[in-house]
Amino acid sequence: MSTAPPLVRPLRHRVLTWLFLAPTVLGVFVFTVVPIAGSVILSFFHWDVIGPPTSAGLANYRELVSDTSVLTAFRNTLVFMILAVTLQLLVALVLALALQGRMPRWIQQALRSAFFFPLVLSAASISVVMKYLFNQDFGVVNWALGHVGAAPVPWLTSQGWAMVTVVLVYVWQQFGFSFLLFVGGLANIPKELHEAAAMDGATGLRKHLRITLPLLSPTLLVASVVGVINALQVFEQPYILTDGGPGDSTRTAVMVLYQTAFEQLRFGEASAVGVVLFALILGVTALQFRLSRRFVHYQ
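This text gives an overview of the structure that appears in the document.

Each value, and the rule that gives it
Residues numbered from 1 in each chain as written. Predicted model: local features only at pLDDT ≥ 70, side-chain atom pairs only at ≥ 80, totals over all residues. Heavy atoms only, no water. Buried < 20%, exposed > 50% of the residue type's maximum accessible area, 1.4 Å probe, protein only. Helix = DSSP H or I, 4+ residues; strand = E, 2+ residues; numbered from the N terminus. Arc of directions from axis to C-beta. Polar contact = N/O pair within 3.5 Å; in protein donor to acceptor, adjacent residues only side chain to side chain. Salt bridge = Lys/Arg side-chain N within 4 Å of Asp/Glu carboxyl O. Phe/Tyr/Trp six-rings, centres within 6.5 Å; stacked < 30°, edge-to-face > 60°.

Glancing now at helix α5 (residues 123–133). All of the buried residues along α5 are A123, I126, S127 and M130. Projected onto a plane normal to the axis of α5, the buried residues spread over an arc of 100° and lie on a single side. Measuring from the backbone nitrogen of A124 back to the side-chain oxygen at the start of α5 gives 3.2 Å, which picks out S122 as the cap.

Counting across every chain of the model gives two salt bridges. For R266, the salt bridge goes to E63, with nearest N and O atoms at 2.5 Å. Here R266 is found in the loop between α11 (253–263) and α12 (267–295), whereas its partner E63 is found in helix α2 (residues 59–66), with 203 residues between them in sequence. Assessed through its relative accessible area of 27%, R266 is described here as partly exposed. For R266, the salt bridge is made with E269, and the minimal N-O distance between the two is 3.8 Å. Owing to a relative accessible area of 11%, E269 belongs among the buried residues under this scheme. Bridged by salt links that share partners, the residues E63, R266 and E269 form one connected network.

With that settled, consider the packing of aromatic side chains. Applying the stated rule across the entire model yields 13 aromatic pairs. Between F80 and Y170 the ring centres are 5.0 Å apart and the planes differ by 75°, which places this aromatic pair in the edge-to-face class. Placement of F80 in helix α3 (residues 68–98) and of Y170 in helix α7 (residues 159–187) is noted, with a sequence separation of 90 residues between them. Just as F80 is buried, Y170 falls in that class too. Centre to centre, the rings of Y239 and Y258 are 5.5 Å apart; their planes meet at 75°, and the pair counts as edge-to-face. With Y239 in helix α10 (residues 236–241) and Y258 in helix α11, the pair connects residues that are 19 residues apart, well separated along the chain.

Everything listed is a geometric property; what it means functionally is a separate question.
Now the structure itself:
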């Protein structure tokens with residue numbers, strides 16, 4: 001039985017490797033690297049799609065920094081990110097811990113499916129439904145509050161309540177992903193550790209603080225990083241629920257990008273917003289990994 005020469009076999013393997021990788025590498029290059037590079041370049045130009053681009057230098061960035069409405073949108077995005085990610089992780093963790101209790105297996109499976117189900121739905125369709133549910137005059141939420149003697153709440157028309165409503169709708173749809181991560185992470189924690197802690201007299205809360213959370217910290221890091229990246233790019237919920245209002249109280253960075261590009265046809269300025277948002281996401285994510293050196297414990 002003949003064998004390939006020793007120098008030919010490694011070359012053949014390298015060629016096959018690159019052939020298998022080529023579709024993915026080409027897709028990432030065409031649909032990720034090229035658009036990012038194009039946005040960075042376009043951010044130094046004025047372009048309305050109709051005429052040719054004209055050089056703008058740093059004018060788009062100077063305009064971005066001096067525009068109070070844009071700065072407000074970025075501030076709203078950061079506030080939304082902090083509220084949404086914190087609530088999302090808290091709700092997902094509490095529900096995942098609750099499912100670790102004693103209950104029939106079929107109930108656990110049904111609850112897992114129910115908690116994950118909103119994530120597979122369209123954010124736009126959910127936002128349309130929630131807009132009717134939270135309507136101040138005929139929404140089901142205020143109707144239920146009225147039956148317990150509470151006054152109607154201006155969920156979508158008050159600057160204070162609008163952000164709360166957007167956060168609640170967003171978290172309701174998104175927490176299922178973190179929930180599944182936590183369920184998987186909890187399943188990997190040895191039961192012997194909890195049994196040993198119980199024999200030493202540790203209570204439920206103390207066991208979770210001293211054992212569960214440290215061992216679950218890698219999963220918490222992944223869930224928080226994904227949560228932050230998604231929250232900083234929020235668009236559908238505030239756009240459909242409040243259209244960024246009242247005023248600019250729920251206007252986000254991606255809304256500014258969309259309106260500047262596709263409503264005002266100022267693609268250079270919109271690209272500058274996108275570049276700043278990308279830098280913000282990169283910076284926050286890098287900070288998370290930096291802090292994780294102290295708080296994340298690997299087995």
